Amino acid sequence: QVQPVESGGGLVQPGGSLRLSCTTSRNVFTIATMGWYRQAPGKERELVAKIIAAGKTYYSDFAKGRFTISRDNRKNTVYLQMNNLTPEDTAIYYCNSDTIFRGGASNWGQGTQVTVSS
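Computed from a prediction, not measured in an experiment: that's the story for all the values here. (Residues numbered from 1 in each chain as written. Predicted model: local features only at pLDDT ≥ 70, side-chain atom pairs only at ≥ 80, totals over all residues. Heavy atoms only, no water.)

A. Structural view of unusual backbone geometry. A positive phi angle, near 55°, is found at N76, a position not held by glycine. Tracing the backbone shows N76 in the loop between β7 (67–72) and β8 (77–82). On the basis of relative accessibility, which here comes to 13%, the residue N76 falls in the buried class. The phi dihedral of N84 falls on the positive side, at around 50°, and the residue is not glycine. (Helix = DSSP H or I, 4+ residues; strand = E, 2+ residues; numbered from the N terminus. Buried < 20%, exposed > 50% of the residue type's maximum accessible area, 1.4 Å probe, protein only.)

B. Structural detail: the pairing of β8. By the criterion of burial, β8 is predominantly enclosed, with five of the six residues buried. Alignment of strand β3 (residues 18–23) against β8, held across six bridges, turns out to be antiparallel. Among the inter-strand pairings, T23 is bridged to a residue of β8, identified as T77. What sits between β7 and β8 in their antiparallel hairpin is a turn of four residues, with N76 showing a positive phi close to 55°. (Pairing = 2+ DSSP bridges.)

C. Looking closely at the state of the cysteines. This model, assessed by the stated rule, comprises one disulfide. One disulfide bridge connects C22 with C95, the sulfur atoms lying 2.0 Å from each other. Around the S-S axis, the bridge from C22 to C95 shows a dihedral of about -80° and counts as left-handed. Highlighted residues: C22 in strand β3 and C95 in strand β9 (residues 91–98), separated in sequence by 73 residues. (Disulfide = S-S within 2.5 Å.)

D. Summary view of the nonpolar core. Of all hydrophobic cores here, the largest spans 26 residues; its most connected members are W36, V78, L80, M82 and Y93. Looking at this core, the elements that each hand over two or more residues are β3, α1 (26–29), β4 (33–39), β5 (46–51), β7, β8, β9 and β11 (112–116). Excluding residues that lie within four positions of it along the chain, V78 makes contacts with L20, S21, C22, F29, M34, W36, I51, I69, S70, R71 and C95. (Core = buried A, V, L, I, M, F, W, Y, C linked by side-chain atoms within 4.5 Å. Contact = heavy atoms within 4.5 Å.)

E. Fine view of the pairing of β5. Bridging between β4 and β5 involves five bridges; their strand directions are antiparallel. Along β5, the bridge assignment pairs G35 with K50. In textbook terms, the turn of a hairpin is the stretch between consecutive antiparallel strands, and for β4 and β5 this stretch comprises six residues, one of which, G42, has a positive phi near 75°. Here β5 runs beside strand β6 (residues 57–59); their pairing, made up of three bridges, is antiparallel.

Right, here's the structure in full:
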């Protein structure tokens, strides 16, 4: 499939951890920049982190030191390991595959809810 599919969201206590996963088709994944975005209630969608096909990563400031993005090219899967979560991290997390630079498209998953609450 072209649309990325996320998994791994849920409810976690403050200070806890979650790992999100996202998979898409091989022909997209091997060239795509894969990104994680999030949208909290009443706020705009924002970039969390992204990773290019060669493995270089980029993080938004709030994610640095707490979140880690990685990709497994054998499984066509990108991960977002989130540690030391706070209630401010509560949001719907979306996976994005971007091949626009190769004449392709930007595709979004349906999102997975992450709730940080005691």
